[in-house]
Amino acid sequence: MGAGPPACPYVLGVTGGFASGKSVVTAMLARLGAAVLDADRVVRELSVPGGPVWQAIRQAFGEQVLDERGEIRRAQLRRQIFADPQARRRLDAATHPIVLEELRRRLARLRHSGAPVIVVEIPLLYEVGEAARALVDGVLVVWADAETCRRRALARGLSPQEARQAIEAQLPLEAKRQQADFVVDNSGGLDETRRQVEAIWGLLVSRAHRPRCP
């Protein structure tokens, strides 16, 4: 008697607000056995000189966005898009289709990795819209109160103005929380966050055994 079709992993999108602790929660899920696809890492890989995202940013913003080695001036670009909503929209329009297509390709490979859960960490999942939401089966929002996010942003070296702009540039965290399938409150200590993640992990694994995997 055959073993039947392979179980299909549950694909979980992890998102949240700026400095809410998305990477902390993703790391906890990875230690529990999840395969991880990090959208920010994909962007960095595609942004090397000559890469598809590098080319798109160069076309959208011109040579002035590159340093003497031909690399993207990330800090300069970040300040520009935080301060100018039109610049952010121009960046998003140029890069999101490229990144989403690469995420689809990598996700297709990970579906056959044997992991019961695949975590796709996408900081701007809701901001990107339905094309990003369609990649995943459910969404986990990592929540933290506004003051905690601000304090963590300052600890990263941002100025108070940069921290405010970074937080305000995204969809309000409370709005993301209301749309989520799962929520982790990361305002407190790591032990409390870990307890929440472990409880959610059990639910995710129970949803992984579907009839077939595409």
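Everything numeric here is computed off the predicted structure, so don't read it as measured data. (Residues numbered from 1 in each chain as written. Predicted model: local features only at pLDDT ≥ 70, side-chain atom pairs only at ≥ 80, totals over all residues. Heavy atoms only, no water.)

(A) Spatial organisation of the overall build of the protein. In terms of helices and strands, the protein carries 11 helices and five strands. The C-alpha radius of gyration of the protein comes to 18 Å, within 12% of the 17 Å expected for a compact globule of 214 residues. Counting only C-alpha atoms, the protein reaches 65 × 40 × 25 Å along its principal axes. For the protein, the proportion of contacts with a sequence separation of at least 24, taken over those separated by at least 6, is 76%. (Helix = DSSP H or I, 4+ residues; strand = E, 2+ residues; numbered from the N terminus. Rg over C-alpha atoms; globule rule 2.2 N^0.38 Å. Contact = heavy atoms within 4.5 Å.)

(B) Here's a closer look at unusual backbone geometry. One non-glycine residue, Ala-19, lies in positive phi territory at about 70 degrees. With respect to the element layout, Ala-19 can be found in the loop between strand 1 (10-16) and helix 1 (22-32). Its relative accessible area of 2% is what places Ala-19 among the buried residues. (Buried < 20%, exposed > 50% of the residue type's maximum accessible area, 1.4 Å probe, protein only.)

(C) Spotlight on the nonpolar core. In terms of nonpolar packing, the biggest core is built from 44 residues, with Ile-57, Leu-77, Leu-103 and Val-120 touching the most fellow members. With six residues, the top contributor of residues to this core is helix 5 (residues 85-110). Discounting chain neighbours no more than four positions away, the residues touching Leu-103 are Leu-37, Ala-39, Val-42, Ile-122 and Leu-135. Val-14, Leu-29, Val-142 and Val-197 belong to the second largest nonpolar core, which has 17 residues in total. (Core = buried A, V, L, I, M, F, W, Y, C linked by side-chain atoms within 4.5 Å.)

(D) Layout of the pattern of salt bridges. Scanning all chains against the criterion turns up 15 salt bridges. Salt-bridge contacts for Arg-58 lead to Glu-63; the nearest nitrogen and oxygen are separated by 2.6 Å. Arg-58 gets classed as partly exposed once you look at its relative accessible area, which sits at 33%. Classification of Glu-63 as partly exposed rests on a relative accessible area of 46%. Notably, a salt bridge pairs Arg-105 with Glu-101, separated by 3.7 Å at the nearest N-O pair. Note that Arg-105 and Glu-101 are positioned in helix 5 at a spacing of four residues, about one turn of the helix. Taking relative accessible area as the criterion, Arg-105 reaches 42% and is therefore assigned partly exposed. Judged by relative accessible area, which is 35%, Glu-101 ranks as partly exposed. A network of salt bridges, in which partner residues are shared, links Glu-45, Glu-101, Glu-102, Arg-104, Arg-105 and Arg-106. (Salt bridge = Lys/Arg side-chain N within 4 Å of Asp/Glu carboxyl O.)

(E) Just helix 4 (residues 74-83), in detail. Within the span of helix 4, buried status applies to Leu-77, Ile-81 and Phe-82. The arc that holds every buried residue of helix 4, seen down its axis, measures 130 degrees, which confines them to one face. Each element contacted by the buried residues of helix 4 is listed here: helix 3 (52-61), helix 5 and helix 9 (160-168). (Arc of directions from axis to C-beta.)

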